[in-house]
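The chain contents come next:
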Amino acid sequence: MRLHGTVTSPFVRRVRVVAQELGLSLEWVDTTTPEGQASLQRLSPLRKVPVLEVDGVGVLDSHAICDLLLARAGEAGDFRRPQAATRIAEGNVIHAIDGATESAIRLFYFRRDAVDSEAIPYMRIERERVARALAWLDERVRGPWCTEVDGFGLAELAVVTAVEWMQFRAVAAMEPYPRLLALVAAHAERPSLRATRPPGM
């Protein structure tokens, strides 16, 4: 299995953490190189990362990739699998942080390209979407966990990787969200997170 991506992408990092937690080996394809871009374009019409190549076929989304890795690994490791009792709550956390992250990524690209996002009504909505989602999540996390079930799983992983990326890229002030910051701090030294944290993050 060959994982296409960049080391800074929060969605790629999520996949890398899951693979490490499950003891699965993924060949790395750096899509910042011409060769990596050519391989990515061959596999995906979207040219978005992550993409996991399995037997010559691209799996195009981080959720689908994580589901595949979890299915292949069985019950290996202490990574918490999705629970039937909290499936809706966990799914809502993941979708909320994903929506905030996608909006924050667009804000980051506009700033990188020297576009004044405040002059564009839609981008002001994007900034508001990030703040609303983070506030909503901050009200719901309980200590180091995102649901009523303890253990580090997909919801906690999604929050940690997204919040750390937002801080790294300075796209959202995190001080108003102390519970989210506490959750991130609680898991900061987890080996899989430390091993996948980009330089400077």
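Structure: see above.
Note that this is a predicted model, so its numbers are computed, not measured.

A. Just the packing of helix α4 (residues 87-112) against helix α5 (residues 121-140), in detail. Between α4 and α5, the shortest axis-to-axis distance is 9 Å and the interhelical angle comes to 145°. α5 is crossed by α4, and the crossing has left-handed handedness. In this structure, α4 uses Asn92, Val93, Ala96, Ile97, Gly99, Ala100, Ser103, Ala104, Arg106, Leu107 and Phe110 to contact α5, whose residues at the interface are Tyr122, Met123, Glu126, Arg127, Arg129, Val130, Ala133, Leu134, Trp136 and Leu137. Residues belonging to the contact of α4 with α5 are distributed by class as follows: 14 nonpolar, three polar and four charged.

B. Molecular detail of the environment of Glu126. Relative to the helices and strands, Glu126 resides in helix α5. Residue Glu126 is classed as buried on the basis of its relative accessible area of 0%. C-alpha separation for the pair Glu126 and Phe11, spaced 115 residues apart in sequence, amounts to 19 Å. Leave out the neighbours within four places in its chain, and Glu126 touches Ser103, Arg106 and Leu107.

C. Fine view of the pairing of strand β2 (residues 27-30). Pairing analysis gives four bridges linking strand β1 (residues 2-5) to β2, with the strands arranged parallel. Residue Leu3 lies in a different strand from β2, and its bridge partner there is Trp28. With respect to chirality, the unit in which β1 leads through helix α1 (residues 10-22) into the neighbouring parallel β2 is right-handed.

Definitions and cut-offs
Residues numbered from 1 in each chain as written. Predicted model: local features only at pLDDT ≥ 70, side-chain atom pairs only at ≥ 80, totals over all residues. Heavy atoms only, no water. Axes fitted to C-alpha atoms, helices over the stretch in contact; angles between N-to-C directions. Helix = DSSP H or I, 4+ residues; strand = E, 2+ residues; numbered from the N terminus. Left-handed = near helix turned anticlockwise from the far one by under 90°. Contact = heavy atoms within 4.5 Å. Nonpolar A, V, L, I, M, F, W, Y, C, P; charged D, E, K, R; others polar. Buried < 20%, exposed > 50% of the residue type's maximum accessible area, 1.4 Å probe, protein only. Pairing = 2+ DSSP bridges. Right-handed = clockwise from strand over helix to strand, strands pointing away.

Any link to function would need more than the numbers given here.
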